[in-house]
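Report on the structure
Letter by letter, the chains look like this.
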Amino acid sequence: MSILTIKNLTVGEGVPKIIVPLVGSTDESILQEAELVREMEPDVIEWRVDTYENVEDIHAVKEMTAKLRTVFKEELILFTFRSHKEGGKKEISDEYYTELNQAAITTKNIDLVDVELFNEERVLQAILAAAKENGVYVIMSNHDFFKTPAKEEIVARLRKMQEYGADIPKMAVMPQSVHDVMTLLDATNTMKTQYADRPIITMSMGGTGVISRLAGEVFGSAFTFAAGKEASAPGQIPVAELRTVLDILHKSM
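Thresholds, definitions, all that
- Residues numbered from 1 in each chain as written.
- Predicted model: local features only at pLDDT ≥ 70, side-chain atom pairs only at ≥ 80, totals over all residues.
- Heavy atoms only, no water.
- Axes fitted to C-alpha atoms, helices over the stretch in contact; angles between N-to-C directions.
- Helix = DSSP H or I, 4+ residues; strand = E, 2+ residues; numbered from the N terminus.
- Parallel < 35°, antiparallel > 145°, perpendicular 65-115°, else oblique.
- Contact = heavy atoms within 4.5 Å.
- Nonpolar A, V, L, I, M, F, W, Y, C, P; charged D, E, K, R; others polar.
- UniProt positions renumbered as here; feature names shortened; annotations may be inferred.
- Buried < 20%, exposed > 50% of the residue type's maximum accessible area, 1.4 Å probe, protein only.
- Left-handed = near helix turned anticlockwise from the far one by under 90°.
- Salt bridge = Lys/Arg side-chain N within 4 Å of Asp/Glu carboxyl O.

**Describing the packing of helix α3 (residues 94-107) against helix α4 (residues 121-134)**
For the pair α3 and α4, interaxial distance at closest approach is 9 Å and the crossing angle is 5°. If you check the angle between α3 and α4, you find them roughly parallel. Contact with α3, carried on its side by Asp94, Glu95, Tyr97, Thr98, Asn101, Gln102, Ile105 and Thr106, involves Arg122, Val123, Ala126, Ile127, Ala130, Ala131 and Asn134 of α4 and no other residues of that element. Across the contact of α3 with α4, the residue classes break down as 7 nonpolar, 5 polar and 3 charged.

**Focus: the UniProt feature "binding site: 3-dehydroquinate" (unreviewed entry) in the protein**
Annotation from UniProt places "binding site: 3-dehydroquinate" (unreviewed entry) at Glu46, Trp47, Arg48, Arg82, Arg213, Ser232 and Gln236. With respect to the element layout, Glu46 can be found in strand β4 (residues 44-48). If you trace the backbone, Arg82 turns up in the loop between β5 (76-80) and α3. Its relative accessible area of 3% is what places Arg82 among the buried residues.

**What to know about the packing of helix α2 (residues 58-71) against α3**
The packing of two helices is summarised by the inter-axis angle and the distance between the axes. Their axes nearest at 10 Å, the elements α2 and α3 cross at an angle of 35°. Between α2 and α3 the crossing geometry is right-handed. Along the contact surface, α2 presents Ile58, Val61, Lys62 and Thr65, while α3 presents Tyr96, Glu99, Leu100, Ala103 and Thr107. Here the contact of α2 with α3 is built from residues that sort into 5 nonpolar, 2 polar and 2 charged.

**Brief notes about the pattern of salt bridges**
Taken as a whole and judged by the stated rule, the model has 15 salt bridges. Of the charged contacts, one joins Asp197 and Arg198 as a salt bridge, the two residues approaching to 2.7 Å between their closest N and O atoms. Here the salt bridges do not stand alone but share partners, grouping Arg82, Lys85, Asp114 and Glu116 into one network.

**Digging into unusual backbone geometry**
Within the chain, Lys7 stands out as a residue other than glycine whose phi angle is a positive 55°. By the secondary structure assignment, Lys7 is in the loop between β1 (4-6) and β2 (9-11). In this model, Lys108 sits at a positive phi of 60°, which is unusual for a non-glycine residue. Within the secondary structure, Lys108 sits in the loop between α3 and β6 (112-116). Given the relative accessible area of 51%, Lys108 is considered exposed.

Printed below as a string of structure tokens:
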């Protein structure tokens, strides 16, 4: 698995990099949350634009990316519209999903964009092309909030993302047992050691899966998500607690 350098951040070696989401709904709440999160010193800020009340106003979205860039001058910004079917707050058409992501990309105020694997191929290709043209890195993702697929299926989905040309494949699953967590970790290690030629992100959600958010350096996940003002997914823990555990594990390796 090779490393990836985005601006001043090297991904794919050492301590997993910490991503913290912004989940406010109004301009004011997002900017207040941004100031709070900036003090936590995460590596990447994820703007969960599906929680934004003006998400269907392209101009407002573009203006907010500019405002966030004034807050986060050095940190990487990840733009994410999480679809309703994968745990997001809103449902939009394929056409608008494409337009929204392309608009954010062309502002050049973001560094990464999240694109969900289970979209129409034309949607994926359009967003991938815009990202490549504008120097924005693509995290291609899939989230299963109900179960943990078989190891072979997890690996197959991650490999499919890699084949599409995603810079960072991402898979998040929901465990129903400790065995499910072990399945996710085993799949992560297999992907890392046998197939991945770029950094990957994996996690098992909820309380049972918390270990997967902590042990990325061991099994192969290059990023981990922490809670900022609020969590954006089950199992996220506060930044300070997460960083302490990541550092302990790193020093032991």
